[in-house]
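Residue strings, one per chain:
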Amino acid sequence: MVGLQDTELDVLVVGAGFAGIYQLYHYRKLGYSVRIFEAAMPYPGARVDSDNPYYQFSIPELWKDWTWKERYPGRKELLEYFQYVDRKLDVKKDVSFNTRVVAARFDQQVDRWIVTTEGRLVVRPRFLVLSVGFAAKSYTPDFKGLEKFKGIFHHSSQWPQEGVDVKNKRVGVIGTGATGVQIIQEVGPEVAYLTVFQRTPNFALPMWQKVLDAEVQAQQKVLYPTMFRRRLQTVSGFGFDRYPKPLFSATPEERLLHWEDLWAQGGFHFTISNFNDYSTNEEANREVYNFWRDKVRLRIHDPKVQEKLVPTIPPHPFGAKRLSLEQSYYEVFNQSNVTLVDLNDCGISEMTSKGILTEDGVEHELDVLVLATGFDSVTGSITQIDIRGTDGVSIAEKWVNGVYTNLGMTSAPTAFSNGPTCIELQGDWIVQCIQYMKENDMDEPLFMQRQQLKLNGVQLSCMDLGSRSLATKTKTSWYMGSNIPGKAIEPLNYSGGLQNYFKIITGVAERGYEGFRFSKCGEA
Ligand code: NA7
């Protein structure tokens with residue numbers, strides 16, 4: 001690391017996840033000097049929510065020799081996959097781990113970024129690519145007395161790599177988002193006692209996990225190139241798409257038949273391939289909810305718990321908040337050693353040395369407390385880095401009232417889709433844009449994040465699209481930034497479909513990066 005001090009690089013990539021590695025792969029091919037800085041980890045039960053084979057690199061030298069074990073790979077298999085990727089591409093030699101980027105400013109005199117890490121390392125890349133993901137900044141609510149708690153507690157994103165032994169322990173989980181659901185179903189069968197603190201029920205969908213057959217996978221690989229191309233033509237970056245009909249144009253029998261079919265396919269098939277108006281038409285949405293409700297309620301024995309987990313009337317439209325995929329989540333609540341605390345009936349007063357005191361005076365004693373309370377999603381990953389443009393104003397200050405255009409930097413939130421699909425789509429675009437700038441000796445305080453492309457925001461009107469979606473009808477949601485007190489409330493994802501997003505960004509590039517402002521190197 002010492003050897004890197006003051007190094008000049010073509011590209012510095014921040015983050016060694018799917019996006020960062022994809023960037024590295026392409027810059028190496030172009031012969032650029034490139035390095036990744038990675039800060040660094042996963043909780044019990046962490047699992048991919050995307051169907052195989054879509055959650056992987058589409059790089060042929062990677063998928064050709066890799067065989068997945070499960071339809072939705074878990075933490076262990078994903079780690080093995082990344083180890084395999086490392087062996088194949090020798091990723092690590094260009095990654096500095098445990099290296100958190102804290103600041104970046106553009107020096108117009110030398111046309112370079114001055115990037116500083118927590119350990120005071122300074123490097124000077126010409127291009128800075130933030131592949132930091134949408135959930136790099138965790139959110140822990142300001143619980144009174146949290147510091148008094150004598151047991152073990154962690155936010156899900158800061159789970160110790162060596163794990164925490166929850167066997168025969170009294171465990172509490174705050175939060176029932178996608179993370180909480182995964183943790184609850186994983187630890188439920190092992191613990192002495194589980195107390196789940198729920199504010200909003202998650203409308204979780206059965207994933208129908210299954211072991212994959214190596215032979216079938218090998219045969220299917222002939223289709224992979226087509227499948228990977230097809231992803232870009234769909235609304236969500238998977239191989240399947242919306243059902244091309246509004247809900248009420250179908251007869252009740254046709255609806256039921258379609259829903260049963262989607263249900264049997266498992267996972268996000270039920271949302272993505274549902275009727276094409278279910279996320280914009282409230283009545284259609286309620287019909288979809290009712291189908292989900294009636295299926296899931298059957299799995300919960302206690303009628304009171306049933307109503308808490310799967311309410312007769314939903315607190316928000318179906319799919320307006322991120323749905324989770326589950327395998328045995330609802331059955332956990334049938335265990336006699338599990339209590340569901342509805343924080344709407346009775347909130348958290350404070351944390352004590354022994355556990356959590358709720359407003360009814362009950363002290364829930366715990367050995368381990370899991371804070372599955374989410375993230376300052378999408379923008380927090382970027383604003384937590386002190387990034388300053390040529391005017392000296394930080395990106396956090398610029399975005400305090402919402403994400404908007406800044407100097408020559410126009411930013412637009414990510415297209416909302418399967419992660420790797422969008423990562424590769426935007427990744428290709430970023431690589432080509434940087435190549436274009438290098439070839440033309442152009443410079444500009446070019447700030448790019450795989451989710452925050454420097455595009456003409458007018459074309460990607462998230463606000464317009466978002467306001468038509470039922471996703472706005474939630475009290476707290478990371479889709480809208482409303483889960484973080486004080487954060488500007490606005491749709492943070494482009495919901496116009498990945499296929500449309502693809503057309504827009506390709507069009508901008510083809511028209512010579514329309515809407516961008518480039519300057520020649522040396523022109524301060
Ligand atoms: P989420 O989806 O933001 O979930 C956070 C959960 O924490 C959610 O159930 C919140 O309830 C709950 N929460 C947040 N603040 C509080 C307070 N103060 N008291 C009680 N409960 C609280 O984060 P995840 O980590 O589950 O998932 C993030 C994404 O990562 C996921 O969607 C995937 O795309 C991957 P609420 O619903 O706001 O009432």
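Keep in mind it's a predicted model, so treat the numbers as computed, not measured.

A. Quick look at the sheet that holds strand 14 (residues 355–358). Across the sheet, which stays open at both edges, the 3 strands sit in the order 13-14-15 with antiparallel pairing between neighbours. Two strands close off the open sheet at either side, each with one partner strand: strand 13 (348–351) and strand 15 (363–365). Averaged over all neighbouring strand pairs, the angle between strand axes comes to 25°, with direction disregarded.

B. Summary view of the site of the ligand. Surrounding the ligand, one finds 22 residues, the nearest of these being Gly-175, Gly-177, Thr-179, Arg-199 and Gly-374. Ranked by residue count, the leading element in the shell around the ligand is helix 4 (residues 178–187), at 3 residues. When its residues are assigned to classes, the shell around the ligand shows 9 nonpolar, 11 polar and 2 charged.

C. Just the sheet that holds strand 8 (residues 170–174), in detail. Taken in spatial order, the 5 strands line up as 7-16-8-9-12 in an open sheet, and their pairing is parallel. On the outer flanks of this sheet lie strand 7 (152–155) and strand 12 (338–342), each paired with one strand and no other. Ignoring which end each strand starts from, the neighbouring axes of this sheet average 15° apart. Pairing of strand 8 with strand 16 (residues 368–371), which is carried by 4 bridges, proceeds in the parallel orientation. Its bridge partner being in strand 16, Val-173 is matched across the sheet by Val-370. Docked against the sheet, helix 4 engages strand 8, strand 9 (193–198) and strand 16, running at close to 165° with respect to strand 8.

D. Structural view of the packing of helix 14 (residues 419–439) against helix 16 (residues 498–510). Contact geometry for helix 14 and helix 16: axes closest at 11 Å, N-to-C directions at 0°. With respect to their mutual orientation, helix 14 and helix 16 come out roughly parallel. From helix 14, Thr-421, Cys-422, Leu-425, Trp-429, Gln-432 and Cys-433 reach across to helix 16, where they touch Leu-498, Phe-502, Ile-505 and Ala-509. Considering only residue class, the contact of helix 14 with helix 16 consists of 8 nonpolar, 2 polar and no charged.

Calculation notes
- Residues numbered from 1 in each chain as written.
- Predicted model: local features only at pLDDT ≥ 70, side-chain atom pairs only at ≥ 80, totals over all residues.
- Pairing = 2+ DSSP bridges.
- Helix = DSSP H or I, 4+ residues; strand = E, 2+ residues; numbered from the N terminus.
- Axes fitted to C-alpha atoms, helices over the stretch in contact; angles between N-to-C directions.
- Near = placed C-beta within 6 Å.
- Nonpolar A, V, L, I, M, F, W, Y, C, P; charged D, E, K, R; others polar.
- Contact = placed C-beta atoms within 7 Å.
- Parallel < 35°, antiparallel > 145°, perpendicular 65-115°, else oblique.

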